Amino acid sequence: MSRTMVVGVDAGGTRTRCVVAAPDGTVAGRGRAGGANPHSSGGALVETLAAALGAALSTLDGRDVRLGVFGGAGSAGAGATGFRAAAADAWERVGLTGKVHTVTDLEVAFAAGTAEPDGALLLAGTGAVAVRFAGGAVARRCDGYGWLLGDEGSGVWLGVRALRAVLAALDGRGEPTALVAPACVLLGIPPQSWAGLPARSWAGPDEREALAQAVLAAAFAQPPAALGRLAPHVSAAADDGDPVAVRLCAEARDRLLHSLDTVGPRVGRPVVLGGSVLLRDGPIAREIRAAVAERYEVRPRTASDGAGGAAALALARLTGTTVDPTVHRRLTSGHEPGRE
């Protein structure tokens, strides 16, 4: 017996997730694959999308699928045409014949937090961006310019500034900080090089300079996105009272709120928070949630299941109506066994 199904795909820079769902919001299948940024995945983009689709459809009849929405990191602007073509190719490879639509990861993230067409999104993960939506479309955005020129308050932004603080502590420009040890661990520097820090009496200038050079070499050997792995340690150190980490978290909070204020959310409209910096517990997430509640008189919502958000967009396109809140909750609850 034939059923009507939709597909939602959240193609992120580090992982791709897919949801197959019924019109009542019941999730019938989930699939996962690697990163699918069209600017960095190259020829593997189609294969990655097809792998996620195939896994989600493994126990289902693809003939039931009527429509799919793919949201992708890097799919805006110059990347839109390539992402659209890759989504259509992957769709055909797994034998699907329904309609395919592509959107940006911003639309998917906003839809993961709310079914309403108007509101705002603040993302802070590897990167950072604030967006105001009107009628389901992007009305205004702020930042999202990448690790070198923007993404203020993001995980990579925190990681880079934490490493600057570590180097300053080592060469005497800055105060001691508990961030030295986690930075060295993440960079793979042997413990004998840093055990005992951040005490200033730990070593002489030569030893400190040697460690600073080791940190420098190891940091430059990392891709920029990898430096964001230090962000949770900055949050933990701030919660433990490390003055340097406290200041870094406060500055990240202020920059993120400034970006959100700049796009101009309306009081009473939903504000959706997404990205690891805002979804993990920590001082930045806690203080931003409190600030959103105070400034915009709403309890912030979370974008924890982008694939579910894409499926919600697919249902809205299929039916031509706003997705019912109960259906939206089923789609975006994110109950996925083994989910990271």
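Only a predicted model underlies this, so the values are computations on that prediction, with no experimental measurement involved. (Residues numbered from 1 in each chain as written. Predicted model: local features only at pLDDT ≥ 70, side-chain atom pairs only at ≥ 80, totals over all residues. Heavy atoms only, no water.)

### Re the pairing of strand β7 (residues 128–134)
Inclusion rule: Relative accessibility decides the category of a residue: with a 1.4 Å probe and only protein chains considered, values under 20% of the type maximum give buried, values over 50% give exposed, and everything between is partly exposed. Helix and strand assignments come from DSSP, with helices taken as H or I runs of at least 4 residues and strands as E runs of at least 2, each series counted from the N terminus. Strands pair, by our definition, only if DSSP identifies at least two bridges between them.
Burial analysis of β7 places five of its seven residues in the buried class, which makes it a mostly covered element. Linking strand β6 (residues 119–124) to β7, which pair antiparallel, is a turn of three residues. Two elements, β7 and strand β8 (residues 137–143), share six bridges in a ladder whose sense is antiparallel. If you follow R132 over to β8, its bridge partner there is R140. Hairpin remark: β7 followed by β8, antiparallel, with two residues in the connecting loop; positive phi at G135, about 65°.

### Quick word on the pairing of strand β3 (residues 27–34)
In this sheet, β3 lies alongside strand β2 (residues 15–21) in antiparallel orientation, the contact comprising seven bridges. Each residue of the ladder has a partner; that of R17, found in β3, is R32.

### With respect to the sheet that holds strand β9 (residues 271–274)
Put simply, the rule is: Throughout, a contact is declared for two residues whenever any of their heavy atoms are within 4.5 Å. Think of each axis as a best-fit line through the C-alpha atoms, taken over the contacting stretch in the case of a helix, with angles from 0 to 180 degrees between the N-to-C directions.
Sheet architecture is open: five strands sit in the order β8-β7-β6-β9-β10, paired in mixed fashion. The two strands at the open ends of the sheet, each matched to only one other strand, are β8 and β10 (301–302). Relative to β10, β9 is paired through two bridges, and the arrangement is parallel. Across the sheet, residue V272 finds its bridge partner in β10, namely R301. Its contacts with the sheet put helix α3 (residues 105–113) on β6, β7, β8, β9 and β10, and the angle it makes with β6 is roughly 110°. Against the sheet, helix α8 (residues 243–263) touches β6, β7, β8 and β9, its axis set at about 145° to β8.

### With respect to empty space enclosed by the protein
Condition: A cavity here means a set of 1 Å grid points, computed over protein atoms only, where a 1.4 Å probe fits but cannot escape. A pocket is an open set with protein on both sides within 12 Å along at least 5 of 7 lines, and lining residues have an atom within 4 Å of a point. Grid points are joined across faces, edges and corners, and a volume is the space filled by probe spheres set on the points.
According to the stated counting rule, one finds two cavities of 30 Å³ or more in the structure shown. Size it by volume and the largest cavity reaches roughly 60 Å³. What lines the largest cavity is simply L163, A183, L186, L187, A226, L227, R229 and L230. Considering every element that reaches the lining of the largest cavity, the biggest residue donor is helix α5 (residues 180–187), with three residues.

### Here's the deal with the packing of aromatic side chains
Selection criterion: Under the pairing criterion, centres of Phe, Tyr and Trp rings, with the six-membered ring standing for Trp, must be within 6.5 Å; the plane angle then separates stacked pairs below 30 degrees from edge-to-face pairs above 60, leaving the rest tilted.
Counted by the stated rule, this structure contains two aromatic pairs. Ring centres of F70 and W91 lie 6.0 Å apart, and the angle between their planes is 70°; on these two criteria the pair is classed as edge-to-face. On the criterion of sequence distance, the pair formed by F70 in strand β4 (residues 65–72) and W91 in helix α2 (residues 80–93) is long-range, its members being 21 residues apart. A relative accessible area of 0% places F70 in the buried class. A centroid spacing of 4.3 Å and a plane angle of 10° characterise the contact between F110 and F133, whose relative ring orientation is stacked. Pair noted here: F110 is in helix α3 and F133 is in strand β7, with a separation of 23 residues, a long-range link. Judged by its relative accessible area of 2%, F133 is buried.

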